[in-house]
Amino acid sequence: MNIGEIARRAGVSRSTVSYALSGKRPVSKDTRRKIQQVVDELGYRPSASARALANGRTSTLGLVFPPAGNHYTGMQLDFIGSVVEAAAAYDYDVLLSPSGMDSDRSFQRLLGERRVDGAILMEIRLEDDRVDHLAALDFPSVTIGRTARPEGGRWVALDHTALVQACVHHLADLGHRRVAFVNRPEQLLRAGYESAHRGLDGFTKAAAERGLTVRTYCCGDDAASGQSCVQRILHDDPATTALVTLNEAALGGLYRGLAQAGRHVPRDFSVTGVVAGRWAETVTPQLTAADVPAADMGRLAVELLVERLDHPDAPPRHHLLTPPISLRASTGPSGATPEADTRPGTTP
């Protein structure tokens, strides 16, 4: 079934049917009602490609979101779901592209074939060629995360520096003096992922300010890596009494490693970090954490992108979020600990 058949049955021209369906030109109420009656009787649905040709819009948003490792983590899936849900509220579909670089074929198809009206980019690097490419094309886009120079762009981001600093100060206020930092995987740090770098910067600054003895570790995005990371922490400095983490995918393994080492949380060892609230509540004891508002960030990103599409001349806006630490049950006062390690306090 096509527009020509609808026009024949409604007794009008093809262009009148097109105008009635697209709303691009006024059509009388009687004619519109006649056309709609035929459309309803025939069950006609215009194809996405036909709509795109007619009005220049695909009604689809691209979500450019590479898995950080071999799989999407729970928090990453939360972000994907939040974007899809927010886009649906504006009557947009979402096309997922797992592109990490602007040279990726998926990314090139997304742009070259104009499959989407605009794009939301995630897993942002401090120097990100995807962001630069879209800016050079003036292609409507929003990032969840921010580059080293985010001025003039549209973005939603967590202030990882401030959040990790708040976690360190929380532990220091409880009397902890020897603290470890469990970051994202090493390859992400080397690639310049902004959350890993800004989190490390916040940890280092806050630890220096409070005069703490600290060590930093990269950790794979899985439970087994978290468990082995705890073994390394306690081997390097058995007197460590707390850790801060950005790695929610390793959280269960961190807890399991502490339990196997005979460290009770929070009596013997405190754990905190930057983690989505629902993941913080899946471990026992529940994690005291700066809760990542994944749903809000997805919604805000979609709002900024729709604003850019509907009002191209509007000045760019951004949102830098600093959620408070939710006090749960994984942190407590520093108690008696094993004999302190006398080796140098900080490792890269």
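So, how was this worked out
Residues numbered from 1 in each chain as written. Predicted model: local features only at pLDDT ≥ 70, side-chain atom pairs only at ≥ 80, totals over all residues. Heavy atoms only, no water. Helix = DSSP H or I, 4+ residues; strand = E, 2+ residues; numbered from the N terminus. Buried < 20%, exposed > 50% of the residue type's maximum accessible area, 1.4 Å probe, protein only. Areas by Shrake-Rupley, 256 points an atom, 1.4 Å probe, with all protein chains shown as cover. Core = buried A, V, L, I, M, F, W, Y, C linked by side-chain atoms within 4.5 Å. Domains from an automatic or database assignment. Contact = heavy atoms within 4.5 Å. Phe/Tyr/Trp six-rings, centres within 6.5 Å; stacked < 30°, edge-to-face > 60°. Expected span 1.5 Å × (residues − 1). pLDDT = per-residue confidence, 0-100. Pairing = 2+ DSSP bridges. Right-handed = clockwise from strand over helix to strand, strands pointing away. Axes fitted to C-alpha atoms, helices over the stretch in contact; angles between N-to-C directions.

## A few points about the overall build of the protein
Then step 1. Within the protein, the regular secondary structure consists of 14 helices and 12 strands.
Then step 2. Going through the 348 residues of the protein one by one, you find that 49% of them count as buried.
Then step 3. Counting every atom, the protein has about 16,300 Å² of accessible surface; 50% of that belongs to carbon and sulfur.

## A word on the nonpolar core
Then step 1. Membership of the largest hydrophobic core comes to 46 residues, with the highest contact counts inside it found for Phe79 and Val244.
Then step 2. Ranked by the residues each element gives to this core, the list is headed by helix H14 (residues 294-310), at nine residues.
Then step 3. A domain split of this core shows at least three residues from each of domain 2 (60-158 + 295-324) and domain 3 (160-292).
Then step 4. The residues touching Phe79, leaving out its near neighbours within four places in the chain, are Phe65, Met122, Ile144, Val292, Ala294 and Met297.

## Topic: the packing of aromatic side chains
Then step 1. Going through the model one piece at a time under the given rule, you end up with one aromatic pair.
Then step 2. Ring plane angle 20° and centroid distance 4.9 Å describe the contact between Phe181 and Phe203, whose orientation is recorded as stacked. Residue Phe181 is located in strand S6 (residues 178-183), and its partner Phe203 is located in helix H10 (residues 194-210); the two are separated by 22 residues in the primary sequence. Per residue, the accessibility class of Phe181 equals that of Phe203, and both read buried.

## As for H10
Then step 1. Along its 17 residues, H10 runs 24 Å from first to last C-alpha, staying within 8% of the 24 Å computed at 1.5 Å per residue.
Then step 2. When H10 is considered as a whole, its buried residues turn out to be Glu194, Ser195, Ala196, Arg198, Gly199, Gly202, Phe203, Ala206 and Ala207.
Then step 3. Looking at the buried positions of H10, the neighbouring elements they touch are helix H8 (160-173), S6, helix H9 (186-191), strand S7 (213-218) and strand S8 (242-245).
Then step 4. Remark: Gly211 follows H10 within two positions and exhibits a positive phi of approximately 65°.

## A word on the confidence of the model for the protein
Then step 1. On average, residues of the protein carry a pLDDT of 88, and 89% of them reach 70 or more.
Then step 2. Taken together, the stretch residues 336-348 has pLDDT below 50 and engages in 26 contacts with residues farther than four places along the chain or on a different chain.

## Some points on the pairing of strand S3 (residues 118-121)
Then step 1. Alternating residues of S3 divide into Gly118 and Ile120 and Ala119 and Leu121, and every residue in both groups is buried.
Then step 2. Sheet analysis places strand S1 (residues 60-64) next to S3, joined by four bridges and oriented parallel. In the sheet register, Leu63 faces S3, and the bridge partner there is Ile120.
Then step 3. Summarising the sheet, S3 and strand S4 (residues 141-144) pair through three bridges and their orientation is parallel. What sits directly across from Ile120, in S4, is Val142.
Then step 4. As for the winding sense of the linkage, the β-α-β connection from S3 through helix H7 (residues 129-137) to S4 is right-handed.

## Some details on unusual backbone geometry
Then step 1. Cis geometry marks the peptide bond from Val265 to Pro266, where omega comes out at 5°.
Then step 2. The residue Pro266 is located in the loop between helix H12 (251-260) and strand S9 (270-276) in this model.
Then step 3. Residue Thr284 is joined to Pro285 through a cis peptide bond whose omega torsion reads -5°.
Then step 4. Within the secondary structure, Pro285 is located in the loop between helix H13 (277-280) and strand S10 (288-292).
Then step 5. Phi at Ser59 takes a positive value of approximately 55°, unusual for a residue other than glycine.
Then step 6. Along the chain, Ser59 falls in the loop between helix H4 (48-55) and S1.
Then step 7. Classification of Ser59 by relative accessible area gives partly exposed; the value is 26%.
Then step 8. Of note, Asp91 is a non-glycine position whose phi angle comes to about 65°, a positive value.
Then step 9. Position of Asp91 among the secondary structure elements: in the loop between helix H5 (74-89) and strand S2 (93-97).

## Thoughts on the sheet that holds S8
Consider a sheet: its strands pair through backbone hydrogen bonds, and that pairing is either parallel or antiparallel.
Then step 1. Pairing in this open sheet of six strands is mixed, and the strands run S7-S6-S8-S9-S10-S12 from one edge to the other. On the outer flanks of this sheet lie S7 and strand S12 (325-326), each paired with one strand and no other.
Then step 2. In terms of strand pairing, S6 meets S7 through six bridges, oriented parallel. When the sheet's bridge partners are listed, Arg178 is paired in S7 with Thr213.
Then step 3. Contacting S6, S8, S9, S10 and S12, H8 runs over the sheet at an angle of about 160° to S9.

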